[in-house]
Each structure stands twice: as C-alpha cells, then as structure tokens.
Amino acid sequence: MSDRLAVLAQYLLPKQVLTTLAGSFAGAQAGGLTTQVIRWFVKRYRVDLNEAADPDPASYKTFNDFFTRALRADARPLADADFLCPVDGAISQFGRIEGEQIFQAKGHQYSTTALLGGDAQLAAGFADGAFATLYLSPRDYHRIHMPVDGRLMRMIHVPGELFSVNPATARGVPGLFARNERVLCVFEAEFGSFILVLVGATIVGSMATVWHGRVNPPRSGKIRDWSYDGQKILLAKGEEMGRFLLGSTVVMLFPKDVLSFTAAWVPGGTVRLGERMAGSAVPSTSH
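Participant: Honestly, the environment of Leu-273 in this entry has me stumped. Any pointers?
Facilitator: Within the secondary structure layout, Leu-273 lies in the loop between strand E17 (270-271) and strand E18 (276-280). Placed 186 residues apart in sequence, Leu-273 and Val-87 show a C-alpha to C-alpha distance of 4.4 Å. Setting aside residues no more than four positions away along its own chain, Leu-273 makes contact with Arg-76, Pro-77, Cys-85, Pro-86, Val-87, Asp-88, Tyr-141 and His-145.

Structural data, given as structure tokens:
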C-alpha cells in the first residue's frame, strides 16, 4: 500500500473507537485467549523473549502485562555517556530545532509551541535547541527511561488525534506529533529544562508514568496540567520514567548548546535503551 493510501485510510478509520476496544482487550484477563494472542504477536513481530525477565508467554495475565514486560537486569547495560538513549526503537529524526521549527519528514515541520499544547512560554526555552524523535515498533521494549538525571517539574496531558506514528504516517500527515494525543513530562537538570513527550497513536490504550500511574484514559478533551514544584521527584539517568500500553513515539527537547549527538546516529537507524545518545556540547567561544 502506498503512503498516500495508508494515510487516507487513517483519516477514514474510527480511531477513537478502535483505540478504546484495543485498550479494553489489552487490559482484560482472558486466560487462554490472552496467551494465544501473545504467542501470535511474538511470532508475527519476531519479539525476542529471551531478553525478558519472564520469557514465558503463558505467565502474563493480560496483553498489557506482556507488552510492558520488564527486561532481564543485564539486557541493557548503560553506557558511560552524558546522555543515554531512553528507549529501544528507531530514529525518526533528530538534530537542531530551527528557531522553533522541528523537522518531521520531507515537506513537514511543526513548532515546539504546537507540540507543547500551545504553551509559548514553555517552548521559548527550546529555541534553537535540539530534538530527537524515536519510534517504538510493536516488537520493541515499551518502557521509557531517563536520558539524564532530572527532577520532575510538570506533567501535561494534551488531547489530540490518534493517527498511527509509523514512518509512512510521519511522511504523510502534516504536524503529526503536534496533532496526536500526548503527555509532556518536564524535567529540570543541571543544564536547565528538558522535556520527554510521550506521543499517543491508534490503539495506544494508554500512557503511564512511574510517579502518576496511568495518565489516559480518562480522555476529557481538555488539557490537564500537574505541577510538582513542591515535591522532590528525582529520577536518575537510566531509570524508568514511563511506559506505553501499546506502542508509540517519544520526542525529546533540549535547550540550545546542551548536547552533541553521537556520530553513529542516522535517521532510520536502530537504537537501544542505554546506548550513548550524545555528549555534552562544547561551549562556543567568541573572539
């Protein structure tokens, strides 16, 4: 199917209904049926259960339990790096934010303000900064970890569409990541603020964080904003911060002159949790 036809089909599909139904099944304890679906999924998407802390498909009570499965303690060693890759997945795009424009795909850009739910003040801190968009396929590990030490400051749930976030859709739907439902997690680090954006998609039943639990549903249709200024929620580099219940995409935002991405990164390349993502940027000197 061409990219154009795949995208057209998504405009026509009842995405909200499909997502609700998928979420209901994924959270249901359906016994043998759940196990059959897990076994089919493992075969269909070539999931490597040898990396799982529990490799037995029959041991998972729900599909969500399987989908958000933990890995063996030794499966993802953490690199000695300033910034770690936070997920298993593929690089959609990464690089410099041009003013406030983020590159999505050929012919498509979107603004940091749109991505952050219209909060221009929050977006201003990332002008000419850096971004990375990482896509998690169905076979991937679906927990998200910290790229660097951070203190949680805010969490914002932004309602939106539920388009698929696969590469074909990224090429075909303008402003995709600023249109889909998303959860913004704002952290403070030694260098300033950074943001992890968890982007929802078709049949992504929900997104969850370690400090809040399941964020959605509910889907109220309104922006919801939580402040953690009065709490000292500290998460260390490499520590789990959240998870997708049925997979999606993470967009990271960093301020200007904070990091320099590793030369090994290329759009479309495969990445794994704990690998080196970037080093600290060398401050420029003026003469």
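Participant: I tried to follow the pattern of salt bridges on my own but got confused; where do I start?
Facilitator: Pairing between side chains becomes possible if they bear opposite charge and their charged atoms approach one another. The tally for this structure, following the rule as stated, stands at 10 salt bridges. Across the pair Arg-72 and Asp-74 runs a salt bridge whose closest N-O atoms are separated by 2.8 Å. In this structure Asp-74 comes out as exposed when scored by relative accessible area, which is 54%. Bridged by salt links that share partners, the residues Glu-51, Arg-76, Asp-88 and Arg-272 form one connected network.

Participant: Even after reading the chapter, I still don't get the sheet that holds strand E14 (residues 240-245), so can you show me in this structure?
Facilitator: The strands making up a sheet associate through backbone hydrogen bonding, with each pair oriented either parallel or antiparallel. Spatial ordering of the open sheet is given by E6-E14-E10-E11, a layout of 4 strands whose pairing is antiparallel. The open sheet is flanked by strand E6 (143-145) and strand E11 (213-216), the only strands paired with a single partner. Pairwise comparison of adjacent strand axes, ignoring direction, gives a mean angle of 25° for this sheet.

Cut-offs used in this document
Residues numbered from 1 in each chain as written. Predicted model: local features only at pLDDT ≥ 70, side-chain atom pairs only at ≥ 80, totals over all residues. Heavy atoms only, no water. Helix = DSSP H or I, 4+ residues; strand = E, 2+ residues; numbered from the N terminus. Contact = heavy atoms within 4.5 Å. Salt bridge = Lys/Arg side-chain N within 4 Å of Asp/Glu carboxyl O. Buried < 20%, exposed > 50% of the residue type's maximum accessible area, 1.4 Å probe, protein only. Pairing = 2+ DSSP bridges. Axes fitted to C-alpha atoms, helices over the stretch in contact; angles between N-to-C directions.

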